[in-house]
Amino acid sequence: MTVQVAASYEDTLSMILADVEVLSQETVPLERAIGRALSAALASPVALPPWDNAGMDGYAVRREDVVNASAEAPVALTVMGESVAGSIAAKLPRVSAGQAVRIMTGAPVPYGANVVVRVEDTDAGIESVSILNNRDSKGRGNIRPEGQEVGRGDLVFSAGTTISPPHLGVLASLGHALVPVHRRPKVAVLSGGNELVMVENFDAVLAGKCIVSSTSYALPAFLESVGAEVQRLPLVRDDLDAVVEGIRDALDDGCDLLLTTGGVSVGAYDYVRDAITKLGGTIDRWRARIRPGGPLGIGSVRGRRWLGLPGNPVSTMVTATLFAAPLVRLLGGHARVHNATIRVRMLDEVETAAPLAHFLRVVLESNEDGSIQARLAGAQASNLLRTLAECNALLHVPEHVGATRSGDVFAAIPFAWAMTSMRAGSTL
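Cut-off values and rules
Residues numbered from 1 in each chain as written. Predicted model: local features only at pLDDT ≥ 70, side-chain atom pairs only at ≥ 80, totals over all residues. Heavy atoms only, no water. Salt bridge = Lys/Arg side-chain N within 4 Å of Asp/Glu carboxyl O. Helix = DSSP H or I, 4+ residues; strand = E, 2+ residues; numbered from the N terminus. Buried < 20%, exposed > 50% of the residue type's maximum accessible area, 1.4 Å probe, protein only. Pairing = 2+ DSSP bridges. Polar contact = N/O pair within 3.5 Å; in protein donor to acceptor, adjacent residues only side chain to side chain. Contact = heavy atoms within 4.5 Å. Bend = angle between axes of the 7 residues up to and from the residue. Core = buried A, V, L, I, M, F, W, Y, C linked by side-chain atoms within 4.5 Å.

**Observations concerning the pattern of salt bridges**
By the definition in use, this model includes 16 salt bridges. Close ionic contact of Asp256 with Arg183 constitutes a salt bridge, the shortest N to O distance being 2.9 Å. Taken as a pair, Asp256 in the loop between helix H6 (240–252) and strand E16 (257–261) and Arg183 in the loop between strand E11 (178–182) and strand E12 (186–191) lie far apart in primary sequence, 73 residues in all. Residue Asp256 is classed as buried on the basis of its relative accessible area of 15%. In this structure, the salt-bridge partner of Glu351 is Arg405, at a minimum N-O distance of 3.3 Å.

**A word on the pairing of strand E25 (residues 393–397)**
Regular strands show a simple pattern: their side chains alternate between the two faces of the sheet. Along E25, 5 of the 5 residues are buried, which leaves the element largely enclosed by surrounding structure. Alternating residues of E25 divide into Ala393, Leu395 and Val397 and Leu394 and His396, and every residue in both groups is buried. Bridge count for strand E23 (residues 357–366) against E25 is 5 bridges, and the pairing is antiparallel. Note on E25: the bridge partner recorded for His358 is Val397.

**A short note on the side chain of Arg36**
Its location among the elements puts Arg36 in the loop between strand E1 (25–29) and strand E2 (42–43). Of the residues examined, Arg36 reaches a relative accessible area of 5% and is grouped as buried. For Arg36, the side chain forms a polar contact with the side chain of Glu26, separated by 2.2 Å. Every residue in contact with Arg36, bar those within four places of it in the chain, is listed here: Glu26, Val28, Thr161, Thr162, Ile163, Val181, His182, Arg183, Arg184 and His334.

**Here's the deal with helix H8 (residues 313–331)**
Of all the bends in H8, the greatest, near 45°, is centred on Ala320. The buried fraction of H8 is high, at 19 of 19 residues.

**A look at the nonpolar core**
Of all hydrophobic cores here, the largest spans 44 residues; its most connected members are Leu223, Leu259 and Leu322. Residue assignment for this core shows that the elements contributing at least two residues are helix H1 (9–17), E12, helix H5 (215–225), E16, strand E19 (295–301), strand E20 (304–309), H8 and E23. If you tally residues by element for this core, the top one is H8, at 12 residues. Of all hydrophobic cores here, the second largest spans 19 residues; its members include Leu233, Val244, Leu251 and Leu279.

Now the structure itself:
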């Protein structure tokens, strides 16, 4: 085992993401593609919209017939028929001089018409209609042209695109009932500690004997939210053989990434690093210059990547956000791998222990001028998971900064799950 000095946040992330092979492709039904990354570029077999259609309820007319219409000099036109959703343009009456076709939003525009006059700009006649002004004769005239959104044969989405609900709608419109995507990374999560129990054993907590393994619930849920298929392994006790057996079980089950929590520091009962080496694995690094989350194992075992996250609940979740999430997205073939950041103005003054990069739990709020400001969400100790639940972002204070001052600007990583719980009256 080669033990190296602690690396910076940036170097640690670069090491974790280096030489990663994207997982294989599979084809899934459209409704199961949400959150996956496209493994191939997709083109459109049709135009969207497939025909000129009305952007308003009204009357399809010739521009030249209505260009001089006004309330003082309305233009009377003969109504030849009606176009509704499901109508076929070729079967509608052709609009000639002095004629109109009543039309509904989204319905095909009949041949000969090049303007749709809104119904509120008419007298809403049935057999004949009076056009009361010429404002609809300008520009596109309330017509959505064929191919306005997508032309036939156009590249619609590139490989690596993360499929969101709107992507599903577009793909459905283009007839992609089956979608080529990368496989979800299978992530095995192994946690351990003699003091830990699952929540169904809460009687032991009430008796003062144990604590609940909170990250056995929070960490898998977070990993699933960033695209992983998670295998949560049974808790293991603080024993080298037990840790070895737990890791071996995860590897035998075919995981793509092994995540362990706890046991990577220098305590007498920290066995994870020894277990990795006993199984023939390699440890490239086991400490990063960050807080929370300094003890951090990086390596591989039996051809699978391994990340050893620290055991304190907040440290586990912060390092999962900073390092595990980008790795999961990269394995899953997503083009956008790194966490999104925004620039915010810090309001609280905090002394930090340089030279460590600090990731403070903060609440982002919108200022009156539209800028984004940050306040501490509460106490920052690494065992206080509630503060993480109450924040909506991590504020990155670089390691060369020894203190934040009110008004200093920093990068923040917003939590997607927390944006709907921002304080009343504040928006991003």
